[in-house]
Amino acid sequence: MAHLGAPKQSKALVVIPTFNEKDTIAEAIRRLLEAAGDSVDILVVDDRSPDGTGDLVRHLQQGAPALHLLERARKLGLGTAYVEGFRSGIAQGYWALVEMDADLSHDPAAVPGLLAALDHADLAIGSRYIPGGEVQDWSAARRWLSRAGNIYARTWLGFPIQDATSGFRAYRTDFLAQQDLASVSSQGYGFQIEMARRIYRAGGRIVEVPITFTDRTLGRSKMSKRIALEAIVGVTAWGLRDRFGLGSGPRGDAAAGT
């Protein structure tokens, strides 16, 4: 667990997983600090990137007390990176925890809006698929895959979330701390859907905030057939458990809106 110093109850912690993100991480951090200022700290969770992402972040830490780095021994996956970041943030007393990609597909300027939405929610999802949200520079096939995945999750899991696969979101720490993070096993799309389902079934209020998602122009996408298959299998299994009364807790209310 990364040690971030004294508890920062008035701040949020933005968790950014990285694996070979040297081309974009510095700009993502710069824009985030510019947009959110003293209201956030940043925790980069790096899976020993061969391209030197961790070394660059260590360099950027000089004169940047809000920037922290957690280096892991090897590539362990997106889901476990977020869980480790969440545990660290919970332990240090941050009031909110934010997920954000390092590749600039998530606009750091949207972070204050996600945090503001937590005034009346336990989970605020940056949504591409509600009015005002959009996706830029994706192929038709990628758009179809994302839309289809969300329709399948929404239909099979019975929640009204339009963009359950979005990885740009903010949680209230007090609510997230009540969840069994040790049992989370999904990665990629599956991780985002699993966390949304857990919050929903635990009775949390979920809102969606419109964002513009821009496809990365540098580096390589981490999307793969394995990640997509994991999400399909996971959603099917969770849906079967829920429909046969084997889920972990009552359904909560969710609301899509701004």
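Residues numbered from 1 in each chain as written. Predicted model: local features only at pLDDT ≥ 70, side-chain atom pairs only at ≥ 80, totals over all residues. Heavy atoms only, no water.

Draft legend 1. Quick peek at unusual backbone geometry. The backbone phi angle of N20 is positive, close to 60°, even though this residue is not glycine. Relative to the helices and strands, N20 is located in the loop between strand 1 (12-18) and helix 1 (25-36). We classify N20 as partly exposed; its relative accessible area is 29%. Positive phi is not limited to glycine here, since R48 has a value of about 55°. Secondary-structure assignment places R48 in the loop between strand 2 (40-46) and helix 2 (53-60). Take R48: its relative accessible area is 45%, and that puts it in the partly exposed class. (Helix = DSSP H or I, 4+ residues; strand = E, 2+ residues; numbered from the N terminus. Buried < 20%, exposed > 50% of the residue type's maximum accessible area, 1.4 Å probe, protein only.)

Draft legend 2. Local environment of the nonpolar core. Grouped together as the largest cluster of nonpolar side chains are 33 residues, with contacts concentrated most on F86 and L176. When residues of this core are traced back to their parent elements, those giving at least two are strand 1, strand 2, helix 3 (78-92), strand 5 (123-127), helix 5 (140-157), helix 6 (173-176), helix 7 (188-201) and helix 8 (225-243). Not counting residues up to four positions away in its chain, the partners in contact with F86 are V15, L97, E99, Y171, L176, L181 and F191. (Core = buried A, V, L, I, M, F, W, Y, C linked by side-chain atoms within 4.5 Å. Contact = heavy atoms within 4.5 Å.)

Draft legend 3. Focus on the sheet that holds strand 4 (residues 96-99). One open sheet holds the 7 strands; their spatial order is 3-2-1-4-7-5-8, and the pairing between them is mixed. Each of the sheet's edge strands pairs with one partner strand only, and the pair in question is strand 3 (67-71) and strand 8 (206-210). The average undirected angle you get between the axes of adjacent strands in this sheet is 20°. Pairing between strand 4 and strand 7 (residues 169-172): 4 bridges, direction antiparallel. For E99, the partnering residue across the bridge sits in strand 7 and is R169. Against the sheet, helix 3 makes contact with strand 1, strand 2, strand 3, strand 4 and strand 7, and its axis sits at roughly 155° relative to strand 1, the strand it touches most. (Pairing = 2+ DSSP bridges. Axes fitted to C-alpha atoms, helices over the stretch in contact; angles between N-to-C directions.)

Draft legend 4. Just the pairing of strand 4, in detail. Along strand 4, one buried face is formed by A96 and V98 and the opposite face, lined by L97 and E99, is buried too. Relative to strand 4, strand 1 runs parallel, the two being bridged by 4 bridges. By the bridge assignment for strand 4, V15 is matched with E99.

Draft legend 5. Geometry of the packing of helix 1 against helix 2. Remark: helix 1 packs on helix 2, axes separated minimally by 10 Å, with the N-to-C direction vectors making an angle of 35°. The handedness of the crossing between helix 1 and helix 2 comes out as right-handed. Contact residues: I25, A26 and I29 in helix 1; T53, L56, V57 and L60 in helix 2. Looking at side-chain class alone, the contact of helix 1 with helix 2 contains 6 nonpolar, 1 polar and no charged residues. (Left-handed = near helix turned anticlockwise from the far one by under 90°. Nonpolar A, V, L, I, M, F, W, Y, C, P; charged D, E, K, R; others polar.)

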